[in-house]
Amino acid sequence: MIPITRRNALTAAAALVTVPMADASPVPQKRRTKLSVSSYSYWHFKGDKVPIDKVILDAARIGFDGVEVLHRQMDITTPEYCHKLKKMAFEEGVDLIMLSIHQDFVTPDAAERQQMIDHTKRCMDLAVEMGAPAIRINSGRWKTIKLFDDLMKVKGDEPPVAGYKTEDAFKWCVDCVQQCLEHANQTGITMAMENHWGLTTRVENLIEIVKRVDSPWLRVNLDCGNYPGEPYTGITKLAPLAKVVHAKTYPGGGVWYSLDIDYHRVAAILASAGYHGYVSLEMEGNEPAETAVPKSYRILRDAFGA
């Protein structure tokens, strides 16, 4: 006869309890949208450049998850400085998500196109030094309208150089990107082409370029503010291809123009497309960044959820 002890009694009671099998099917969880801020939000190509160091510190203070670095805003591009930025971002708990560069593949000058290819590759190396996984690239534009302010007046509808057609621009752009693919593969840096003013003002043109290049190293940077008309049709078309999203805001009125963008609607479009990447703020208003950037953060966090 087994003596009755406290341990035996508890063991016997536990044996009588039927534990239901846990459901093996995982419950899908809604992923939190991460917000980044472009250093461009602090400097609009006018006046003194705001150092990237300051942008990183301010972004962390406000609550952003990442920082996008504008290449033209960097006065120093040495490996030592890039490593300093990478270390600072790590210690502040933010990611350096992308290096936004400026290059132009839409030119009949083959030597100029080669310069742009070389520049793109150099920027890939710079992104590696910073620990950023991607670079923002543009298709480029004809430059038949010299001033950007004048280009905005015609909503980006720029005529080709005399003697050339849009198809020429497609060929140049695709060829240049293809010549960067091997370097992208070697460095692990994704090229994210934006629907920027120029050839890709029309989202159909951007989609066509991505289709022709047909490489995992070329993806789409969807900009919510670069549309000549209402933005939601274009956003819907690009959302399935997007790997990073630019969200423009215009506190104090736009530097070049203002749009009334409903970011709750944008969030719904992106969610329907299964988008899980960063939403990166480009504050493009005249209000000082010290107040406009935190204000814009709250707008985006409200729209995209906590």
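Our subject is the structure listed above.
Now for a look at the structure at hand. Fair warning: this is a prediction, and the values are worked out from it, not measured in the lab.

**Description of the layout of surface pockets**
Empty space among the atoms becomes apparent when a probe as large as a water molecule is rolled across them. Quantified by volume, the largest pocket comes out at close to 580 Å³. Arg-72, His-102, Asn-138, Phe-148 and His-196 are, among the 26 residues lining the largest pocket, the residues nearest its centre. Here the lining of the largest pocket is built from residues that sort into nine nonpolar, six polar and 11 charged.

**With respect to the side chain of His-183**
Here His-183 shows up in helix α6 (residues 166-187). Excluding its chain neighbours within four sequence positions, the residues that come into contact with His-183 are Lys-121, Met-124 and Asp-125.

**Some thoughts on the nonpolar core**
Within the largest apolar cluster, 95 residues are counted, with the highest numbers of intra-cluster contacts made by Met-74, Leu-99, Met-191 and Leu-222. The leading source of residues in this core is α6, at 10 residues.

**A look at the pattern of salt bridges**
Going through the model one piece at a time under the given rule, you end up with 17 salt bridges. Notably, a salt bridge pairs Arg-32 with Asp-65, separated by 3.1 Å at the nearest N-O pair. Here Arg-32, found in the loop between α1 (6-16) and β1 (35-38), pairs with Asp-65, found in the loop between α2 (52-62) and β2 (66-70); they are 33 residues apart in sequence, far enough to count as distant. Taking the shortest distance from any N to any O, the salt bridge between Lys-143 and Asp-104 comes out at 3.0 Å. One end of the pair, Lys-143, is in the loop between β4 (134-137) and α5 (148-153); the other, Asp-104, is in the loop between β3 (95-100) and α4 (110-130), and 39 residues separate them in sequence. Exposure remark for Lys-143: the relative accessible area of 29% places this residue in the partly exposed category. Judged by relative accessible area, Asp-104 falls into the buried class, the value being 13%.

**Looking at the environment of Trp-256**
Mapping Trp-256 onto the fold places it in the loop between β7 (242-249) and α9 (263-272). On a C-alpha basis, the gap between Trp-256 and Phe-148 in space is 9.0 Å, while along the polypeptide they are 108 residues apart. In this structure Trp-256 touches Tyr-40, His-44, Phe-45, Phe-148, Asp-149, Met-152 and Glu-284, once residues within four positions along its chain are discounted. Of note is the side chain of Trp-256, whose polar atom sits 2.8 Å from the side chain of Asp-149.

**Here we look at unusual backbone geometry**
Both trends apply: most residues other than glycine have a negative phi, and most peptide bonds are in trans. A positive phi is found at Lys-143, a non-glycine position, where the angle reads about 65 degrees. Here Asp-214, not a glycine, exhibits a phi torsion of approximately 50 degrees, which is positive. You can see Asp-214 is positioned in the loop between α7 (203-213) and β6 (218-223).

**So, the packing of α2 against helix α3 (residues 79-92)**
Two elements in contact, α2 and α3, have axes separated by 10 Å at closest approach and are oriented at 10 degrees. Classified by the angle their axes make, α2 and α3 are roughly parallel. Residues Ile-52, Asp-53, Ile-56, Leu-57 and Ala-60 of α2 form the contact with α3, whose own contacting residues are Tyr-81, Lys-84, Leu-85, Met-88, Ala-89 and Glu-92.

**Here's the deal with the sheet that holds β7**
The strand order around the closed barrel built from eight strands is β1-β2-β3-β4-β5-β6-β7-β8, with neighbouring strands paired in parallel fashion. Averaged over all pairs of adjacent strands, the angle between their axes in this sheet comes to 30 degrees, without regard to strand direction. Across four bridges, β6 lies against β7 in parallel orientation. Considered in β7, the bridge of Asn-221 is made with Val-244. The strands touched by α4 are β2, β3, β4 and β5 (190-194); relative to β4, the strand with the most contacts, the crossing angle is about 145 degrees. Helix-sheet contacts for α7 involve β5 and β6, and the interaxial angle to β6 is about 165 degrees.

Reading guide: rules and limits
Residues numbered from 1 in each chain as written. Predicted model: local features only at pLDDT ≥ 70, side-chain atom pairs only at ≥ 80, totals over all residues. Heavy atoms only, no water. 1 Å grid on protein atoms, 1.4 Å probe; cavity = no way out; pocket = protein on both sides within 12 Å on 5 of 7 lines; lining within 4 Å. Points joined across faces, edges and corners; volume = space filled by probe spheres on them. Nonpolar A, V, L, I, M, F, W, Y, C, P; charged D, E, K, R; others polar. Helix = DSSP H or I, 4+ residues; strand = E, 2+ residues; numbered from the N terminus. Contact = heavy atoms within 4.5 Å. Core = buried A, V, L, I, M, F, W, Y, C linked by side-chain atoms within 4.5 Å. Buried < 20%, exposed > 50% of the residue type's maximum accessible area, 1.4 Å probe, protein only. Salt bridge = Lys/Arg side-chain N within 4 Å of Asp/Glu carboxyl O. Polar contact = N/O pair within 3.5 Å; in protein donor to acceptor, adjacent residues only side chain to side chain. Axes fitted to C-alpha atoms, helices over the stretch in contact; angles between N-to-C directions. Parallel < 35°, antiparallel > 145°, perpendicular 65-115°, else oblique. Pairing = 2+ DSSP bridges.

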